[in-house]
Amino acid sequence: ARAGIILAAGQGTRMKSAKPKVMHEIAHLPILGHVIAAMWCGFRSTLMDPLRFLQRPLMWLQTAAEEGASLTSAPNFAYEMCCRAAVANPVSGLSLDCLETVICGGEPVLPDTARRFISTFAPLGLKPGAFAPSYGLAEATLLVSSGKTADGPAFQRAPGGRMVTDLGPPVSSCSVRIVGDDDREIDDGVTGEIEISGPSVGELLDIAPALAVADDD
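Nothing here was measured: the structure is a model prediction, and the numbers come from that model. The residue numbers shown here count from 1 along each chain, following its written sequence. Only residues with pLDDT of 70 or above have their local features reported here, since the model is predicted, and side-chain atom pairs are shown and tallied only from 80 upward, although totals for entire chains, interfaces and linings are computed over all residues. Side-chain metrics rest on all non-hydrogen atoms present in the structure, leaving aside hydrogens and water.

Caption draft 1: Region of the structure containing helix 6 (residues 111-121). Exposed residues in this analysis have more than 50% of their type's maximum accessible area, buried residues have under 20%, and partly exposed residues fall in between, with area computed by a 1.4 Å probe over protein chains only. Secondary structure elements are defined from DSSP: runs of H or I of at least 4 residues count as helices, runs of E of at least 2 residues count as strands, and each element is numbered from the N terminus. Inspection of helix 6 places Pro111, Thr113, Ala114, Phe117, Ile118 and Phe121 among the buried residues, and these make up the whole buried set. In this analysis, two residues are considered to be in contact whenever any of their non-hydrogen atoms come within 4.5 Å of each other. On its buried face, helix 6 sits against helix 4 (58-67), helix 5 (76-88), strand 4 (101-104), strand 5 (131-137), strand 7 (155-157) and strand 8 (163-165).

Caption draft 2: Region of the structure containing the packing of aromatic side chains. Side-chain rings of Phe, Tyr and Trp, where Trp is taken by its six-membered ring, are said to pair if the distance between their centres is within 6.5 Å; with planes under 30 degrees apart they count as stacked, over 60 as edge-to-face, and otherwise as tilted. If you walk through the whole model with that rule in mind, you get seven aromatic pairs. Residues tryptophan 60 and tyrosine 79 carry aromatic rings whose centres are separated by 5.2 Å and whose planes lie at 70° to one another, so their mutual orientation is edge-to-face. Separated by 19 residues along the polypeptide, tryptophan 60 in helix 4 and tyrosine 79 in helix 5 bring together distant segments of the chain. Grouping residues by exposure puts tryptophan 60 and tyrosine 79 together as buried. Where tyrosine 79 meets phenylalanine 131, the ring centres are 5.4 Å apart and the plane angle is 70°; that geometry is what we call edge-to-face. Taken together, the residues tyrosine 79 in helix 5 and phenylalanine 131 in strand 5 connect sequence positions 52 residues apart. Here tyrosine 79 falls in the buried class, since its relative accessible area comes to 0%. Taken together, Phe53, Trp60, Phe77, Tyr79, Phe117, Phe121 and Phe131 form an aromatic cluster joined through their ring pairs. Over the face of the ring belonging to phenylalanine 155 we find arginine 115, whose NZ or CZ atom lies 4.2 Å from the ring centre. A ring is considered to have a charge above it if a Lys NZ or an Arg CZ atom is located within 6 Å of its centre and within 35 degrees of its normal.

Next comes the structure, spelled out in structure tokens:
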């Protein structure tokens, strides 16, 4: 059941073509979203070597175009590197209109990066509505919320004047509360802890007793 919930990450995308992916230090995104989901659903997934990406960031998007990928994902820094690479070496003859969902997650999604990536690659067929700023974690079987909309990502001003990216409402399998130190929900604009519950959230296993027995042996 939890593997099936991963499909929510596609936001209605047809899971039938390759998914070039930038691997990074937060391992649950590529493992759950691009290995387990591919095995469960039977579609092909392409994983990109992180060193090759750092050497040639635009190879990621070139691979996506060549393989007709419908979905891909990476953390914010990868999109920023692609923008910088495109400025240094303008890209032509590349069509990104095959991409229906372009997930940005794993680290804060910066508004400037999102805007720059969309404006830089829109001339190559990238649809603004494909960009999906998202939040998730392994304990919730990856996806918790997605800011993917038909018009592209939305931004809002946080307390203090800083612009932030809207990561959207929780998916149907998750319930999210922002709580304070007393475990009570706090008002909008106040910093607190994120509390997530639902059928996709893993159970906490108490393995301390088992480890103690093993140590005694």
